[in-house]
Amino acid sequence: MGVLLPVGTRKGLFLLRSDDGKAWDVEGPLLTGWAVYHAIVDPRDGALHAATNNPFYGATVHRSDDGGRNWERAEELGLPEEGDLKLNATWHIEPGADSELWLGGDPGVLFRSDDGGRKWQLNRGLFEHPTREQWQPGAGGMCTHSIQLVNGTIYVAISAAGAFRSEDGGESWTPINKHVAAEFMPDPYPEVGQCVHKLLVHPQLHERLWQQNHCGVYRSDDRGDTWERLDGNGLPTSFGFPLALDPEDPDVAYVIPEQSQEHHYTADGRLGVYRTADGGASWALASDGLPERAWVAVLREGLAYDDGAIYFGTQSGSVWTAPRGGDRWTEAARDLPPILSVEAAPA
Amino acid sequence: MAVVLLPAVLAAEAGGQKRFELEAATVGDALRQLPVQNLLFDEAGELRRLINVYVDGLDARGGRLLQEPLRPDSEVRVVGAVAGG
């Protein structure tokens, strides 16, 4: 089966297609003039959805039903008129139950759409969360970047507010940040305020969550109630943004560490993907084929996986792919604009 | 009728239409009739910070902006603010 990669860039959307995972066609740019923070193919109807942002015209979402030839912009999307907060950016789109779509944005907000992304309703439970005054924006703003829906449970992660879980469809949200460090805070283990960079739930083992955080890599085996810090056993640094899992093996995860919170490029001057196969007890380079002298960056939405392969895009405009396991990487495309996001879908 | 001219990105969002002829008494009246009005105004109804509007060649931010009156033959240009290098 072929694969389609919607690749969001600072200068529009590109669609990469391959029948064999080796030869790639590049279509684009689409949505020119928009920075595409994240784009997906909805597995239910094949529609393309893109979280689109423009420094002049604000934050919105676009939808295409014909593979990207024509686009429809969201009709209703924003924060309450009477409030002081405004929607600064749209960050992540996630299909939910039935026909619903979820959208994460800045400042730490979540929306739901029941009409395919045309009208978006603000999630009041998160917007009015009693701990919101303790949340702090990071360098990327206060973005709701991770949304995971599993058996009626919703997880979100916000930088820098932490991770939250809802058992009632989003009416209420419980902070799930126990044992997760916030070393930049006076209390390094607060209830909220952690700077999660990416959070994923394993698609088979639903109790198992992973997160790449500003302060370490973590795994939870109890739905986020408690977390175990995993870095230090083969990872060059604890800092990074993207995270990928294996569709079947819950002990496998991938990260791409950066030098430090002050130096946002890949650690040790190389483009290093690190893989664990034992639940994070140890990590090893899985970078065969990647440049050994490189100072690049892969953003939080820039790493994706499907049943057969893993993919990532760099701020310097390259898309790399490897078969599941990460044994050998090849460059699928290069010289694109700075890449903000990569997703994978069947084609 | 007043004429409103849009830059390329907004014209693409308006179905490819760059030029609009509108009955409008003020700049605000004209802009709120456009199919891209939710890209021009934020949730509070304020013109986004980096959007400039020129009426017959004059910067409306130097005048009454949205309350700036239009004549039937006025030309309104929407322009993204120039910034950076």
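Before reading further, recall that the structure is shown in the block above.
The following refers to the structure shown. Just so it is clear, the model here is predicted, and its values are computed rather than measured.

1. Quick notes on the overall build of chain B
Next up, step 1: Along the backbone of chain B there are 3 helices and 5 strands.
Next up, step 2: Taken from N to C terminus, the helices and strands of chain B fall in the order β-α-β-α-α-β-β-β.
Next up, step 3: Expected size for 85 residues packed as a compact globule is a radius of gyration near 12 Å; at 12 Å, chain B falls within 12% of this value.
Next up, step 4: Its C-alpha atoms give chain B principal-axis dimensions of roughly 35 × 30 × 25 Å.
Next up, step 5: In chain B, 51% of the contacts between residues at least 6 apart in sequence involve partners at least 24 apart.

2. Quick word on the overall build of chain A
Next up, step 1: In terms of helices and strands, chain A carries 1 helix and 29 strands.
Next up, step 2: Taking 20 Å as the expected radius of gyration for a compact globule of 347 residues, we find that chain A reaches 19 Å, a close match to that expectation.
Next up, step 3: For chain A, the C-alpha atoms occupy an extent of roughly 55 × 50 × 35 Å along the three principal directions.
Next up, step 4: With 347 residues in all, chain A has 52% of them scored as buried.
Next up, step 5: In chain A, of all internal contacts separated by at least 6 residues, the share reaching a separation of at least 24 is 50%.

3. Describing the sheet that holds strand S11 (residues 121-122) of chain A
The pairing of strands in a sheet happens through backbone hydrogen bonds and is either parallel or antiparallel.
All names here are of chain A.
Next up, step 1: Spatially, S8-S9-S10-S11 is the arrangement adopted by the 4 strands of the open sheet, whose pairing is antiparallel. The sheet is open, and its two borders are formed by strand S8 (89-95) and S11, each paired with just one other strand.
Next up, step 2: Sheet analysis places strand S9 (residues 101-106) next to strand S10 (residues 109-113), joined by 5 bridges and oriented antiparallel. Bridge pairing in S10 places Leu101 opposite Ser113.

4. Overview of the pairing of strand S1 (residues 3-9) of chain A
Residue and element names in this part refer to chain A.
Next up, step 1: Across the 7 residues of S1, 6 count as buried, placing the element largely inside the fold.
Next up, step 2: Looking at chain direction, S1 and strand S29 (residues 345-346) are connected through 2 bridges and run antiparallel. When the bridges of S29 are listed, Leu4 appears paired with Ala345.
Next up, step 3: As paired elements, S1 and strand S2 (residues 12-18) share 7 bridges and run antiparallel to each other. By the bridge assignment for S2, Thr9 is matched with Gly12.

Cut-offs and rules
Each chain has its residues counted from 1, following the order in which its sequence is written. Whichever chain is written first is A, and whichever ligand is written first is 1; the rest continue in order. At least 70 in pLDDT is required for a residue's local features to be given in this predicted model, at least 80 for side-chain atom pairs to be given and counted, and no such filter applies to totals for whole chains, interfaces and linings, which use all residues. Helix and strand assignments come from DSSP, with helices taken as H or I runs of at least 4 residues and strands as E runs of at least 2, each series counted from the N terminus. In this description the radius of gyration comes from C-alpha coordinates, and the expected globular size is given by 2.2 Å times residues to the power 0.38. The contact rule is simple: place each C-beta atom from the backbone, and if two of them lie within 7 Å, those residues are in contact. Any residue with 12 or fewer other C-beta atoms within 10 Å of its own C-beta is exposed, any with 20 or more is buried, and the rest are partly exposed; the C-beta atoms used are placed from the backbone. A pair of strands is considered paired only if DSSP assigns at least 2 bridges between the two.

These values are about where atoms sit, not about what they do.
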